[in-house]
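Chains, contacts and geometry: an overview
One-letter residues, chain by chain:
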Amino acid sequence: MAISRWLAVLPWIALALVLSSVTGGHCFYLPGVAPADFQKKDPLYVKVNKLTSTKTQLPYSYYSLPYCRPDTIVDSAENLGEVLRGDRIENSPYVFEMREPHMCQIVCKITLNDKDAKDLKEKIEDEYRVNMVLDNLPLVVPIKRLEQDSPTVYQHGFHVGVKGPYTGSKDEKYFIHNHLSFVVKYHRDVQADLARIVGFEVKPFSVKHEYEGDWNGVNTRLSTCDPHAKRLVVNSDSPQEVEAKEIVLTYDVAFEESEVKWASRWDTYLLMTDDQIHWFSIVNSLMIVLFLSGMVAMIMLRTLYRDISKYNQLETQEEAQEETGWKLVHGDVFRPPAKSDLLCVYVGTGVQFFGMLLVTMMFAVLGFLSPSNRGGLMTAMLLLWVFMGLFAGYSSARLYKMFKGTEWKKITLRTAFMFPGIVFGIFFVLNALIWGQKSSGAVPFTTMFALVLLWFGISVPLVFVGSYVGSKKPAMEDPVKTNKIPRQIPEQAWYMNPIFSVLIGGILPFGAVFIELFFILTSIWLHQFYYIFGFLFLVFLILIVTCAEITIVLCYFQLCSEDYLWWWRSYLTSGSSALYLFLYATFYFFTKLEITKPVSGILYFGYMLIASYAFFVLTGTIGFYACFWFTRLIYSSVKID
């Protein structure tokens, strides 16, 4: 009894741990970060994050380029999710004073060697963007649309530079953005004369700075940017080439009062202009669900009710033998399948994945995993995956015992190591490729060790605890007895061919999610924020229903054809939607992304292979349990002589 009580409490302890880690201890404010108040002239420290590119998908540290450096570079404390995402947040020489505008401030003068110039050109060619952070707000570049009524679009980070010809020339040159015009938006509390930062924008320019006399550090007077002579940088008509040996980096900072309150400051970043598409996605998915629900209802109410009444009215064995349909296979329908051990492992892993996704999505819908907590979503998913090992062990052991299995420890080990082992192996190879490119996206050895520790130190023991409890419970009784000699399966129609029916079964679950999948892929690979978890949660519920219903429908047709090998077929029917997911990811790669480097392509397909494998395990388990419940229900409803 004591063990079962602990098992009941453990998930809640896990949730409390995840909640405290995700919300940073500030439980009074849902999105998870406490507001900071600034007085006039308070210092504002701008931090720099990784350089990112949608063309290569390989992040690099800001200081991998020859930018101005502070006296000492200090790394900000990062959570597990941030490290896995490749975030590298460091201090910078950009320091403002609250509500004190400055024009033409010199940061430093850099002298480029051939290697520096080559690095800058490569980053400009690959369209790398510089990401900065102020008071936990990412830097954005406002881009006005041509249409008058359209809202301003915000691009995350500014480009390192641009490539193009001079006016009247055809030769393309590389130009660096060396002048940054910052705008810090703040919401002011008039009574206390305090302000909170609610926006951080920049307009980058390329300017060939000139000065008279000797270089005197930050006190040098520039002739190209001089507030005293009212000469400010407003365009890039005289741009700064990368070829030049000396480049002066400057910035302006202006402060604008804003009506936006601190609690709403992320709204501009998360502006969703295409909510109609999401509603279309929901309606489209609901149509599929209604169609399948109608079919299931027809089977359950009309066909099954008629069949069960008919079977129960039969009085003699001769009459029963004359009948055809699903009742004829009652003596074989619960016969353990081939490779039943592997099925138990995959079902257990699917339960683990389902639990992790369900709880993560509930937190996300409630607002605990806001983008202000960089890496919070990934950290929460990892921790929940580890703690859900308890349910993985329990469900695989229960199913294994039903199959009259005796070696529960062997099944437990396979449940604990198979799926995570395959994923970790692929991840390790991909990480080695990233490390070979000297990218900051490579996961450090210490983080790898932490992941292995979470796996072996927490997940594996919890799988064993769950398995132990599951194996001690009495085995589930089959509603009907299994014959000693297997029944011969009659020849099947072409449309009941296992491969054909499995492939057909995966289309509808994929159809229910593919529109939302487009937005998820865009947020991952085009570096945009994804925060429409309300829609995602609805789509997730629709996916569960669709997987369950399509599997039940096809399982019923299969049993009516006197084919009792439904165990693996039910798992693969809905699980085959993962194949369509991977095919769609391939289509997305060639139509939406501009990836040209082989390493970046390998990374994309490697990560999408992991995602598809996880989707297979999730949808397969949902389909399996739906069919499992359906067969037990219908065979327990008929009288067997």
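Here, every reference points to the structure presented above.
A few words on the pattern of salt bridges. Inspection of every chain in the model, using the stated rule, returns 12 salt bridges. Measuring nitrogen to oxygen at the nearest pair gives 2.8 Å for the salt bridge that ties Arg569 to Asp563. Given a relative accessible area of 9%, Arg569 falls into the buried group.

Glancing now at the pairing of strand E1 (residues 43–52). Burial within E1 is extensive, with 7 of its 10 residues counted as buried. In this sheet, strand E2 (residues 90–97) lies alongside E1 in antiparallel orientation, the contact comprising 5 bridges. Counterpart to Lys47 in the pairing with E2 is Asn91. Taken together, the 4 bridges between E1 and strand E4 (residues 129–134) define a ladder with antiparallel strand orientation. Within the sheet, the bridge partner assigned to Leu51 lies in E4 and is Val130.

Three or four residues apart is the spacing at which side chains of an α-helix point the same way, because the helix has 3.6 residues per turn. Its 27 residues give helix H6 (residues 340–366) an end-to-end C-alpha distance of 39 Å, which sits within 8% of 39 Å, the value for a rise of 1.5 Å per residue. Burial analysis of H6 places 20 of its 27 residues in the buried class, which makes it a mostly covered element. Where H6 terminates, the next one or two residues include Gly367, which has phi positive at roughly 95°.

Attention shifts here to the nonpolar core. One finds Trp566, Trp567 and Phe624 to be the most contacted residues of the largest nonpolar core, which totals 97 residues. Ranked by residues supplied to this core, first place goes to helix H16 (residues 598–635) with 17 residues. When near neighbours in sequence (up to four residues on either side) are disregarded, Phe624 contacts Leu343, Val347, Leu399, Trp566, Trp567, Ser570 and Tyr571.

Taken N-terminus to C-terminus, the directions of helix H7 (residues 376–387) and helix H10 (residues 445–472) make an angle of 35°; their axes are 8 Å apart at the nearest point. Between H7 and H10, the residues in contact are Leu382, Leu383, Val386 and Phe387 and Leu451, Leu454, Ile458, Ser459 and Leu462, respectively. Of the residues contributing to the contact of H7 with H10, the split by class is 8 nonpolar, 1 polar and no charged.

A word on the pairing of strand E11 (residues 179–189). For E11 and strand E12 (residues 194–205), the ladder comprises 11 bridges, and the chain directions are antiparallel. Opposite Leu180, over in E12, you have Pro204 as the bridge partner. Alignment of E11 against strand E13 (residues 246–257), held across 8 bridges, turns out to be parallel. Looking across to E13, one finds that Ser181 is bridged to Asp252.

Moving on, we come to the side chain of Lys55. Mapped onto the secondary structure, Lys55 falls in the loop between E1 and helix H2 (80–85). For the buried Lys55, no salt bridge is present, and the opposite-charge side chain at shortest range is Glu127, 4.1 Å distant. If sequence neighbours within four positions are ignored, Lys55 has contacts with Glu125, Asp126, Glu127, Glu594, Ile595, Thr596 and Ser600.

As a further point, take a nonpolar patch on the surface. Side chains of Trp494, Tyr495, Phe500, Ile504 and Ile507 sit close together on the surface and give an oily, nonpolar patch of about 530 Å² of accessible area. If you trace the backbone, Trp494 turns up in the loop between H10 and helix H11 (498–505).

The next point concerns the state of the cysteines. With the rule as written, the count across this model stands at 2 disulfides. Paired through a disulfide, Cys68 and Cys108 show a sulfur-sulfur distance of 1.9 Å. With the S-S dihedral at roughly -85°, the linkage between Cys68 and Cys108 falls on the left-handed side. With Cys68 in the loop between E1 and H2 and Cys108 in strand E3 (residues 102–111), the pair connects residues that are 40 residues apart, well separated along the chain. Each disulfide pairs two cysteine sulfurs, and for Cys104 the partner residue is Cys225, the sulfurs being separated by 1.9 Å. An S-S torsion of about -80° defines the bridge between Cys104 and Cys225 as left-handed. On the criterion of sequence distance, the pair formed by Cys104 in strand E3 and Cys225 in the loop between E12 and E13 is long-range, its members being 121 residues apart.

The next point concerns the packing of aromatic side chains. Tallied over the entire structure, the rule returns 50 aromatic pairs. Geometrically, the ring pair formed by Phe182 and Tyr251 is edge-to-face, given 6.2 Å between the ring centres and 65° between the ring planes. Here the residue Phe182 occupies a position in strand E11, and Tyr251 occupies one in strand E13, the gap between them amounting to 69 residues. Residue class for Phe182 comes out buried when judged on its relative accessible area of 1%. Judged by its relative accessible area of 7%, Tyr251 is buried. Relative to Phe616, the ring of Tyr571 lies with its centre 5.5 Å away and its plane at 70°, an arrangement referred to as edge-to-face. With Tyr571 in helix H14 (residues 567–575) and Phe616 in helix H16, this pair connects stretches of sequence that are 45 residues apart. Classification of Phe616 as buried rests on a relative accessible area of 17%. An aromatic cluster of three or more residues is present, and its members are Tyr346, Phe353, Trp385, Phe419, Trp568, Tyr571, Tyr613 and Phe616. The ring of Tyr60 has Lys123 sitting right over it, with the charged end atom 4.3 Å from the ring centre. Positioned over the ring face of Tyr128 is Lys123, at 5.4 Å from the centre of the ring.

Reading the values: rules and limits
Residues numbered from 1 in each chain as written. Predicted model: local features only at pLDDT ≥ 70, side-chain atom pairs only at ≥ 80, totals over all residues. Heavy atoms only, no water. Salt bridge = Lys/Arg side-chain N within 4 Å of Asp/Glu carboxyl O. Buried < 20%, exposed > 50% of the residue type's maximum accessible area, 1.4 Å probe, protein only. Helix = DSSP H or I, 4+ residues; strand = E, 2+ residues; numbered from the N terminus. Pairing = 2+ DSSP bridges. Expected span 1.5 Å × (residues − 1). Core = buried A, V, L, I, M, F, W, Y, C linked by side-chain atoms within 4.5 Å. Contact = heavy atoms within 4.5 Å. Axes fitted to C-alpha atoms, helices over the stretch in contact; angles between N-to-C directions. Nonpolar A, V, L, I, M, F, W, Y, C, P; charged D, E, K, R; others polar. Lys, Arg positive; Asp, Glu negative; His and termini not counted. Patch = residues over 30% accessible without salt bridge, like charges linked within 9 Å, V, L, I, M, F, W, Y side chains within 5 Å. Areas by Shrake-Rupley, 256 points an atom, 1.4 Å probe, with all protein chains shown as cover. Disulfide = S-S within 2.5 Å. Phe/Tyr/Trp six-rings, centres within 6.5 Å; stacked < 30°, edge-to-face > 60°. Lys NZ or Arg CZ within 6 Å of the ring centre and 35° of its normal.

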